[in-house]
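Structural description and commentary
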Amino acid sequence: MLRGMSQTDRPALSVVAPCFDEEGVLPEFIRRVASVLDGIGGTAEIVLVDDGSRDGTWNTICREAQGDPRIVGVRLMRNHGHQLALTAGLTVCRGERILIIDADLQDPPELLPAMIALMDQGADVVYGQRRAREGESLFKRASASAFYRLIGRLTDVDIPADTGDFRLVTRRVLDVLLAMPERHRFIRGMVAWIGGRQVPLLYDRKARAAGETKYPLSKMIRFAADAITAFSVVPLMASMTIGWVMAAVGFAFFVYSIVGFVLGHTMPGWTSLMAAIGLLGGMQFLMLGIIGAYLGRLFEQSKGRPLFTIREIVGGRGGEPK
Ligand code: UDP
Ligand code: MG
């Protein structure tokens, strides 16, 4: 086991938060999480992953870890992105129950007791479902909603709408999650795939406490592409459907030109020919692109590289006195 702990030394709770350039919110985040944990009682750890931050995030984590033995700081060698940084934290954490939360206080840690209560009633996963999203632009809300609808239609797994990764999971669920070797991770979908009793807890998502979103449009699009390719092969099959439609249209044109030939009209034809070439060419490149998107991910997966690289781990003196 990590750091020489045995299985029975597990804290009752782990709180895992990935942090990228979050020095502005971290002290407040830690203060609020710590006071929630104090209220709950029992053993706990707070695992903070520094995802290659460029600001003073790591120094803040180290400083805070000096004052609170529950804090474990994990420093990655470079920025790996939210989902992989989170995976690093989930790999390091040892709790019986694990709370996944963003460090920017958009998800209130004060919901933890309510989540624990639902888990005590037999839930395997309690996920936060957003009722309102404060301080997010109309575009972010509209694109997020379109994304959840699209993924809902494309995948077989029931991925609940308007959820992030904010959730409490059991050790059993986490162990299954960690056994899934995907490089392009869409963790909320992977947790949904695992199954068990998954229960929502409605909440209002706050605006960021400080700093700005690390998910610009380009990253959101990449994330959406990862989610779709990881959970659905429908886009790959789309070429089949389009092929059938094209074949039907082509056949209709063939009949039309034979009839025209028999009746003695010659075809003017240039415009329709150019249109057909453009359309077919476009479709073929689109389909090649879709195949490429899957092939690229298959290639990256086949390399079997580690998902993240850890530089150092500090703190986590566990039961030792402060
Ligand atoms: N984050 C990270 N690595 C990154 C980008 C983000 O660890 O490359 C963390 C970030 O510090 C935050 C969480 O992931 O705790 C969610 O990011 P953010 O709040 O920017 O996303 P949004 O809430 O706007 O979707
Ligand atoms: Mg955020």
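Calculation notes
- Residues numbered from 1 in each chain as written.
- Chains lettered and ligands numbered in written order.
- Predicted model: local features only at pLDDT ≥ 70, side-chain atom pairs only at ≥ 80, totals over all residues.
- Heavy atoms only, no water.
- Phe/Tyr/Trp six-rings, centres within 6.5 Å; stacked < 30°, edge-to-face > 60°.
- Helix = DSSP H or I, 4+ residues; strand = E, 2+ residues; numbered from the N terminus.
- Buried < 20%, exposed > 50% of the residue type's maximum accessible area, 1.4 Å probe, protein only.
- Axes fitted to C-alpha atoms, helices over the stretch in contact; angles between N-to-C directions.
- Parallel < 35°, antiparallel > 145°, perpendicular 65-115°, else oblique.
- Left-handed = near helix turned anticlockwise from the far one by under 90°.
- Contact = heavy atoms within 4.5 Å.
- Nonpolar A, V, L, I, M, F, W, Y, C, P; charged D, E, K, R; others polar.
- Right-handed = clockwise from strand over helix to strand, strands pointing away.
- Pairing = 2+ DSSP bridges.
- Near = heavy atom within 4 Å.
- Polar contact = N/O pair within 3.5 Å; in protein donor to acceptor, adjacent residues only side chain to side chain.
- Areas by Shrake-Rupley, 256 points an atom, 1.4 Å probe, with all protein chains shown as cover.

What to know about the packing of aromatic side chains
Counting across every chain of the model gives six aromatic pairs. Ring plane angle 85° and centroid distance 6.1 Å describe the contact between F147 and F186, whose orientation is recorded as edge-to-face. Of this pair, F147 sits in helix α5 (residues 138–154) while F186 sits in the loop between α6 (171–178) and α7 (187–194), and the two are 39 residues apart along the sequence. We note that F147, like F186, is buried. Measuring from centroid to centroid gives 5.9 Å for F186 and F231, while their planes differ by 75°, and the two rings are edge-to-face. Taken together, the positions of F186 in the loop between α6 and α7 and F231 in helix α8 (residues 217–231) put the pair 45 residues apart, joining distant regions of the chain. Comparing F186 with F231 shows no difference in burial state: the two are buried. Among the aromatic residues, those joined into a ring-pair cluster are F147, Y148, F186, F223 and F231.

Structural notes on the packing of helix α9 (residues 234–263) against helix α10 (residues 270–303)
Contact geometry for α9 and α10: axes closest at 9 Å, N-to-C directions at 160°. Between α9 and α10, the interaxial angle falls into the category roughly antiparallel. The element α9 and its partner α10 pack so that their crossing is left-handed. Residues P235, L236, A238, S239, I242 and M246 of α9 form the contact with α10, whose own contacting residues are L279, L280, M283, M287, I290, I291 and Y294. Looking at the contact of α9 with α10 residue by residue, the classes come out as 12 nonpolar, one polar and no charged.

Some points on the pairing of strand β1 (residues 13–19)
Judged by how many residues are buried, β1 sits mostly within the fold: seven of seven residues are covered. Burial along β1 is two-sided: L13, V15, A17 and C19 facing one way and S14, V16 and P18 facing the other are all buried. This β-α-β element, β1 to helix α1 (residues 26–40) to strand β2 (residues 44–50), shows right-handed connectivity. Of the strand pairs in this sheet, β1 and strand β4 (residues 97–100) are connected by four bridges, and their pairing is parallel.

Some words on the environment of G73
Among the secondary structure elements, G73 is positioned in strand β3 (residues 71–76). Overall, the relative accessible area of 0% leaves G73 in the buried class. For the pair G73 and I313, spaced 240 residues apart in sequence, the C-alpha separation works out to 5.5 Å. Apart from the residues lying within four places of it in its own chain, the contact partners of G73 are L48, W58, I61, E312, I313 and V314.

Considerations on the site of ligand 1
Residues in contact with ligand 1 amount to 20 residues; listed here are only the nearest, E22, D51, D104, T213 and K214. Here an oxygen atom of ligand 1 sits 2.8 Å away from a polar atom, N or O, in the side chain of R205. In isolation ligand 1 offers 530 Å² of accessible surface; the protein chains occlude 95% of this area. Those elements that provide at least two residues to the shell around ligand 1 are β1 and α3 (82–92).

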